[in-house]
Amino acid sequence: MSPAATKPSTMGDKYLLPLWFILAVRILHLSLVRSWFVPDEYWQSLEVAHNIVFGYGYLTWEWVEGIRSYLYVSFIAAQYYLLHILHLDYVQLLIFLPRLTQTLVSVLADVYLIRWICLMSSPPVAWLASLVSLSSACLAYCASRTLINTVEMNMTCVALYYYPWPRVNRKHDTKYLWIVGFCCILRPTSCILWTPLCLYDVFRSQSPLIRIFYHFVPVGVSCLLCCVIVDSWFHGGFLFTPWNFLRLNILSGVSGHYSTHPWHWYITAGIPSVLGILTVPFYVYGVNAMIRVVLVTRSSGFFSHCTPSCCCMSHCSCTLGLIQYQLVGC
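Here the structure is a predicted model, which is why all the values come from computation and not from measurement.

A.B. asks: Can you walk me through the overall build of the protein in this structure?
C.D. replies: Counting secondary structure elements, the protein contains 16 helices and 0 strands. For the protein, buried positions account for 44% of its 330 residues. Long-range contacts, defined as pairs at least 24 residues apart, comprise 75% of the intrachain contacts of the protein with a sequence gap of at least 6. Total accessible area on the protein is roughly 17300 Å²; 71% of this is exposed by carbon and sulfur atoms.

A.B. asks: Would you mind showing me how to read the pattern of salt bridges here?
C.D. replies: Oppositely charged side chains are able to pair whenever their charged atoms sit close together. Taken as a whole and assessed by the stated rule, the structure comprises 6 salt bridges. Of the charged contacts, one joins Arg 68 and Asp 40 as a salt bridge, the two residues approaching to 3.8 Å between their closest N and O atoms. Of this pair, Arg 68 sits in the loop between helix H4 (61–65) and helix H5 (71–85) while Asp 40 is found in helix H3 (residues 40–54), placing the two residues 28 residues apart along the sequence. Linking Arg 145 and Glu 41 is a salt bridge whose minimum nitrogen-to-oxygen distance equals 3.0 Å. Here the residue Arg 145 occupies a position in the loop between helix H8 (137–142) and helix H9 (148–162), and Glu 41 occupies one in helix H3, the gap between them amounting to 104 residues. The class of Arg 145 is buried, set by a relative accessible area of 1%. Of the residues examined, Glu 41 reaches a relative accessible area of 3% and is grouped as buried.

A.B. asks: What's the story with a nonpolar patch on the surface in this structure? I'm lost.
C.D. replies: A surface patch of nonpolar side chains, amounting to about 760 Å² of accessible area, comprises Tyr 81, Leu 82, Ile 85, Leu 86, Leu 88, Tyr 90, Leu 93 and Phe 96. Elements represented by at least two residues in the nonpolar patch include exactly H5 and helix H6 (91–120). For the nonpolar patch, the element with the highest residue contribution is H5, accounting for 3 residues. Along the polypeptide, Ile 85 turns up in helix H5.

A.B. asks: What is the right way to read the environment of Leu 30 from this model?
C.D. replies: Mapped onto the fold, Leu 30 is located in helix H2 (residues 19–32). Remark: the alpha-carbon pair of Leu 30 and Thr 103, spanning 73 residues in sequence, is separated by 7.1 Å. Residues contacting Leu 30, with those up to four places away along its chain left out, are Phe 96, Arg 99, Leu 100, Thr 103 and Ser 144.

A.B. asks: How should the layout of surface pockets be read in this particular structure?
C.D. replies: Where empty space is left can be seen by rolling a probe of water-molecule size over the atoms. Roughly 500 Å³ of internal volume is contained in the second largest pocket. Sorting the residues of the lining of the second largest pocket by element identifies helix H10 (175–186), helix H11 (191–204), helix H12 (208–235) and helix H13 (241–251) as the ones contributing at least two each. Broken down by element, the residue count for the lining of the second largest pocket peaks at 6 residues, all from H12. Its residues assigned to classes, the lining of the second largest pocket shows 18 nonpolar, 4 polar and no charged.

A.B. asks: Could you clarify how one ought to interpret the nonpolar core in this entry?
C.D. replies: Inside soluble globular proteins, nonpolar side chains tend to come together where they are buried. Counting 59 residues, the largest nonpolar core has Tyr 176 and Trp 194 as the members making the most contacts within it. In this view, Tyr 176 contacts Ala 159, Tyr 162, Tyr 163, Pro 164, Trp 194, Cys 198, Asp 201, Arg 211 and Phe 216; residues no more than four positions away in its chain are not counted.

A.B. asks: Looking at this structure, how should I read the packing of aromatic side chains?
C.D. replies: What the rule picks out here adds up to 14 aromatic pairs. Between Trp 20 and Phe 21 the ring centres are 6.0 Å apart and the planes differ by 90 degrees, which places this aromatic pair in the edge-to-face class. The exposure class of Phe 21 is partly exposed, given its relative accessible area of 32%. Considering the side-chain rings of Tyr 163 and Tyr 176, the 5.0 Å spacing of their centres and the 75 degrees angle between planes classify their relative orientation as edge-to-face. With Tyr 163 in the loop between H9 and H10 and Tyr 176 in helix H10, this residue pair connects regions lying 13 residues apart in the sequence. One exposure class covers both Tyr 163 and Tyr 176, and it is buried. Put simply, the rings of Trp 116, Tyr 163, Trp 165, Tyr 176 and Trp 194 touch in pairs and so form one group of aromatic residues. Over the ring of Tyr 141 we find Arg 145, and its NZ or CZ is 4.2 Å from the ring centre.

A.B. asks: Could you clarify how one ought to interpret the confidence of the model for the protein in this entry?
C.D. replies: Scored by pLDDT, the protein has a mean of 81; 78% of the residues are at 70 or more. Confidence drops under pLDDT 50 across residues 1–12; counting only partners more than four residues distant or on other chains, this segment forms 20 contacts. A low-confidence stretch, residues 324–330 (pLDDT under 50), is modelled with 30 contacts involving residues beyond four sequence positions or located in other chains.

A.B. asks: What should I look at first to understand the UniProt feature "transmembrane region" (unreviewed entry) in the protein in this one?
C.D. replies: The residues that UniProt annotates with the feature "transmembrane region" (unreviewed entry) are residues 15–36, 71–93, 113–134, 146–164, 176–200, 212–234 and 263–285. In residues 71–93, helix accounts for 78% and strand for 0%; the two terminal C-alpha atoms are 21 Å from one another. The distance from the first to the last C-alpha atom of residues 176–200 is 14 Å, and the span holds 84% helix and 0% strand.

Procedures and definitions
- Residues numbered from 1 in each chain as written.
- Predicted model: local features only at pLDDT ≥ 70, side-chain atom pairs only at ≥ 80, totals over all residues.
- Heavy atoms only, no water.
- Helix = DSSP H or I, 4+ residues; strand = E, 2+ residues; numbered from the N terminus.
- Buried < 20%, exposed > 50% of the residue type's maximum accessible area, 1.4 Å probe, protein only.
- Contact = heavy atoms within 4.5 Å.
- Areas by Shrake-Rupley, 256 points an atom, 1.4 Å probe, with all protein chains shown as cover.
- Salt bridge = Lys/Arg side-chain N within 4 Å of Asp/Glu carboxyl O.
- Patch = residues over 30% accessible without salt bridge, like charges linked within 9 Å, V, L, I, M, F, W, Y side chains within 5 Å.
- 1 Å grid on protein atoms, 1.4 Å probe; cavity = no way out; pocket = protein on both sides within 12 Å on 5 of 7 lines; lining within 4 Å.
- Points joined across faces, edges and corners; volume = space filled by probe spheres on them.
- Nonpolar A, V, L, I, M, F, W, Y, C, P; charged D, E, K, R; others polar.
- Core = buried A, V, L, I, M, F, W, Y, C linked by side-chain atoms within 4.5 Å.
- Phe/Tyr/Trp six-rings, centres within 6.5 Å; stacked < 30°, edge-to-face > 60°.
- Lys NZ or Arg CZ within 6 Å of the ring centre and 35° of its normal.
- pLDDT = per-residue confidence, 0-100.
- UniProt positions renumbered as here; feature names shortened; annotations may be inferred.

As structure tokens, this is what we get:
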């Protein structure tokens, strides 16, 4: 068994940025971000939580129709309720506390992202990726915002670390399944990312049926049951938000009312905008290096023709592109 499989959490710690530095950078971003980005960071989170705790606050049609889950909102509502019982429910605290909490969650996601890259590649690559992540203008702008997209990104970072990759001895681990289950409930579009990874997990196991019925089904049913209980409680009647989301957005085509993008939008606009203009050349260079690695491998059977710098840039750029693109679509 490789060292990565035995002690993935401590591999190459000397190469990783200290936690206090990551926290300081994200707190700096929190203090600098004073504007609003999209309406959803209020209407799909703070406003709904305020309605739950204080009895008033506007609910948009998504909450009336029941296509949004209250799981994330209940997390903010708990903070509001704490401020309320402590008689600290001032306007500024009602705005600042959820953003501070979200910043801390993003710091946790940063740590797991760096450790995942360290686990899958090498400590120097993880160190380079941490610099790219902390210097990302998109993450600096969005990591502290009460957006469900940001929460989805955070949960994805943690789940990728706990995923049973082939080089890691986690074949029967279900930690990532719980995170993925709740992530897909909060943001059903997460299924686009996790469906192929879950299928890969199933078919690479020695007993796919056992993996499905002893791990996937219990976790999935538990997550859905939790979703139904929480959503029905806050909605005031039985509510199954995943079905309502599918029925209205997909089957009825309501999402098209808010415009649609061409198939190449993520490649030509989404990923370049979140990676930043300075990172795009490295991204293109890294992808080109990966293609050349595949061609060289087919002809000679080894990777020595690819320079370490190519691998570093391709790994960092592609990884951060995969994680950050989720901040674009709502």
